[in-house]
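# Chain and residue survey
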Amino acid sequence: MPALPAALAMLTLLASAPAAAQSSLQPPDTGGGRQLLLSVDAAEQEHEVRISPNTPINLFFDGQVQLVGLEGREHFRRVAVTEDSIILMASRELKPGRRLRMPVRFLDGLAPTQVDFILVVASPAQAERHVEVYRPRSPESDHAEAREEREKARQCQAELTLEREEKKRLGGLMGLLVSKQMDEEGVVTLRFKAFPRLAGEQLATWLPVSYRATSPSTGGNGGQPRIAQVAVQLWLANESAQSWLAAGAELVSESGARWSAMVWQEAPVVPGAERQRLVVKVEMPEAEARGTFLLELWEEGRTRSVTFGGVSFP
């Protein structure tokens, strides 16, 4: 039973809250605070703000400001001015109904250049916690912002172009050298007449060539192992009734280890049409790039696949 009086007291407090908020002063927005939009006319730049003793209030501005003056400053426990905000906390010496003038100047030259606040001492229930102050946007400020955005876009485009040119410049042989993906042996090749295909396969290879480029040794104890980039280029002929386009590839070693490969095919292999070029590339430790591999290729979704044997690298 002791909980019942407490519940009744809470209901009474909640029921009385709207009545307590009624006043000649508009109750504060206790959610996100109040947003104050100034006008261009300097004669109209006087606005009331409700404060209360021992209750901090934050005023935020849309530009750099300067506190010109504060009437009764000695009655404030705290006055803090940053680049774009003013924080105030009045002392108990200020009684409800007192009105204090606080002029604030904007330092960026945009209109209006000054606003006068009238700090009205009110009860804690009516005090404002934070006020955001904005000035009207002029065509000049819109043009300046648009110019700034265009300049940012121009700089981003210039940086993107430079990055693309850098990638082009470091491609090919220079890219291999700068990225330390090739040692003094360079890129070595091995030519084949064809890769053996498993029984039933309806794709045939023509003039395959394998490549290897090995990264330089880092040396020293605990150094990184030498990495080999190996690739296979071949031409495919289609002896089936459907066109064929590779979507993925793997190299399978004699021990069963599988190495995922990047695959590029010039165009689908159409039955009865010209052969199409295909290239696959794999990175693996140099020690693993020895021996003979199977090359498995498959279409999107692995609906169809083809396997060739006898793949090796120089």
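Residues numbered from 1 in each chain as written. Predicted model: local features only at pLDDT ≥ 70, side-chain atom pairs only at ≥ 80, totals over all residues. Heavy atoms only, no water.

Before going further, it helps to spend a moment on the sheet that holds strand S17 (residues 305-311). Taken together, the eight strands give an open sheet; going across it, the order is S10-S11-S12-S15-S14-S13-S16-S17, and neighbouring strands pair in antiparallel fashion. In this open sheet, the two strands that pair with only one neighbour each are strand S10 (188-191) and S17. Adjacent strand axes in the sheet meet at a mean angle of 25°, parallel and antiparallel pairs treated alike. Pairing between strand S13 (residues 248-252) and strand S16 (residues 293-298): five bridges, direction antiparallel. Residue pairing across strands places glycine 248 opposite tryptophan 298, the latter belonging to S16. (Pairing = 2+ DSSP bridges. Helix = DSSP H or I, 4+ residues; strand = E, 2+ residues; numbered from the N terminus. Axes fitted to C-alpha atoms, helices over the stretch in contact; angles between N-to-C directions.)

Moving on: the sheet that holds strand S7 (residues 99-106). Here we have four strands laid out as an open sheet, ordered S2-S8-S7-S4, and mixed in their pairing. Edge positions in the sheet fall to strand S2 (46-51) and strand S4 (65-67), since each of these pairs with one other strand and no more. The average angle at which neighbouring strand axes cross in this sheet is 30°, direction not considered. Of the pairings in the sheet, the one linking S7 to strand S8 (residues 114-121) comprises seven bridges and is antiparallel in character.

When pLDDT is averaged along the protein, the result is 80, and 76% of the positions lie at 70 or above. Here residues 1-31 scores under 50 on pLDDT; set against residues more than four positions off or in separate chains, the count is 15 contacts. (pLDDT = per-residue confidence, 0-100. Contact = heavy atoms within 4.5 Å.)

Moving on to the side chain of arginine 135. By the secondary structure assignment, arginine 135 is in the loop between strand S9 (130-134) and helix H2 (139-169). A residue is classified by how much of its surface remains accessible, and arginine 135, at 7% relative accessible area, is buried. At a separation of 2.7 Å, a polar atom in the side chain of arginine 135 contacts the side chain of aspartate 108. Among the polar contacts listed, one links the side chain of arginine 135 to the backbone oxygen of leucine 110, at a separation of 3.4 Å. In this view, arginine 135 contacts Leu37, Leu38, Asp62, Gly63, Phe106, Asp108, Leu110, Ala111 and Pro112; residues no more than four positions away in its chain are not counted. (Buried < 20%, exposed > 50% of the residue type's maximum accessible area, 1.4 Å probe, protein only. Polar contact = N/O pair within 3.5 Å; in protein donor to acceptor, adjacent residues only side chain to side chain.)

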